[in-house]
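Coordinate inspection notes
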Amino acid sequence: MKKTLFLSAICLLAVVCLFSSCAPDDDNLDEALLIGKWQSGTLYETYAANHTGTTWDTADDVTEAEAQKFEWTLEKSTLTQIHIMEMTGEGTIPKVYAVLVLDATTLVYEDDYGNKKTFTKVPE
């Protein structure tokens, strides 16, 4: 009985160690996947390797040349865009999103109000 209990405890400990030490760290997203142009309907966003980007919406009759500039960071699964308000002189406006999916073709993020955006990478 003691031997069975001891073996069961060893097995349980081994399973706990296995799952805790080998679990992938899904919170650390590869920011290199973010680089490029993304589209969600009429909304576009670009992310450059130097941590700058632009966004525009063709439904608002805005072209890529007129796009809103921003600086971005990706820490773990938190995407922060700092929008640079050049025309109004208002300084900067931060926008923070939780990245739910980021791979070679899909970007999905959600703001604090539960609004989700799904983007597809646009070939350049």
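Residue numbers here run from 1 along each chain, matching the order of that chain's written sequence. Per-residue local features of the predicted model are confined to residues with pLDDT of at least 70, and side-chain atom pairs are confined, for both listing and counting, to 80 or more; whole-chain, interface and lining totals are unaffected and use all residues. Each side-chain value is derived from all of the structure's non-hydrogen atoms; neither hydrogens nor water enter the calculation.

Turning our attention to the overall build of the protein. Within the protein one finds one helix and eight strands. Numbering of helices and strands runs from the N terminus, with a helix taken as a DSSP run of H or I at least four residues long and a strand as a DSSP run of E at least two residues long. N-terminal to C-terminal, the α/β element order of the protein is α-β-β-β-β-β-β-β-β. When the accessible area of the protein is evaluated, it comes to approximately 8500 Å², of which 58% is carbon and sulfur surface. Areas reported as accessible are Shrake-Rupley estimates using a 1.4 Å probe. Residue values count occlusion only from the protein chains shown.

Another point: the sheet that holds strand β3 (residues 52–57). Strand pairing follows a simple DSSP-based rule, namely that at least 2 bridges must link the two strands. The strand order around the closed barrel formed by eight strands is β1-β2-β3-β4-β5-β6-β7-β8, and the pairing between neighbours is antiparallel. Within the sheet, the average angular offset between the axes of one strand and its neighbour, ignoring direction, is 35°. The pairing of strand β6 (residues 91–102) with strand β7 (residues 106–110) spans four bridges and is antiparallel. From the neighbouring strand, A98 faces β7, where its bridge partner is E110. Note on method: axes are straight lines fitted to C-alpha atoms, helices fitted across the in-contact stretch only, with angles between N-to-C directions ranging 0 to 180 degrees.

With that settled, consider the packing of aromatic side chains. Only rings of Phe, Tyr and Trp enter the pairing, Trp through its six-membered ring, and a pair is recorded when the two centres are within 6.5 Å. The plane angle decides the type: under 30 degrees is stacked, over 60 is edge-to-face, the rest tilted. One pass over the structure, following the stated rule, counts five aromatic pairs. Relative to F70, the ring of Y47 lies with its centre 5.5 Å away and its plane at 65°, an arrangement referred to as edge-to-face. Highlighted residues: Y47 in strand β2 (residues 43–47) and F70 in strand β4 (residues 68–75), separated in sequence by 23 residues. Per-residue accessibility, obtained with a 1.4 Å probe over protein chains only, is compared with the maximum for each type, and a residue is labelled buried under 20%, exposed over 50%, and partly exposed between these values. Given the relative accessible area of 3%, Y47 is considered buried. A relative accessible area of 1% places F70 in the buried class. Look at Y47 and W72: their rings are 5.8 Å apart centre to centre, the planes differ by 80°, and that puts the pair in the edge-to-face class. Taken together, the residues Y47 in strand β2 and W72 in strand β4 connect sequence positions 25 residues apart. You'll find Y47 and W72 in the same group, each marked buried.

This part is about the pairing of β7. If you look at the hairpin formed by β6 and β7, you'll find three residues sitting between the two strands. Bridging between β7 and strand β8 (residues 116–122) involves five bridges; their strand directions are antiparallel. Looking at the pairing, V108 lines up with T118 of β8. Remark: five residues form the turn of the hairpin made by β7 and β8, two consecutive strands paired antiparallel; G114 in that turn has positive phi of roughly 85°.

With that out of the way, let us pick up the confidence of the model for the protein. Averaged over the protein, the pLDDT score is 83; the fraction of residues at 70 or greater is 75%. Known as pLDDT, the predictor's per-residue confidence is scaled from 0 to 100. Residues count as neighbours in contact if any of their non-hydrogen atoms are within 4.5 Å of one another. Per-residue pLDDT stays below 50 along residues 4–25; that stretch engages in zero contacts with residues further than four places along the chain or on separate chains.

Attention now moves to the side chain of T46. As for its placement among the helices and strands, T46 is situated in strand β2. According to the relative accessible area criterion, T46 is buried, its value standing at 15%. Polar contacts, as counted here, are pairs of nitrogen or oxygen atoms within 3.5 Å of one another; within protein the pair requires one atom able to donate a hydrogen and one able to accept it, and residues that are adjacent in sequence qualify only if both atoms are side-chain atoms. Side-chain polar atoms of T46 contact the side chain of T54, separated by 2.5 Å. Apart from the residues lying within four places of it in its own chain, the contact partners of T46 are G36, K37, T52, G53, T54, W56, E64 and F70.

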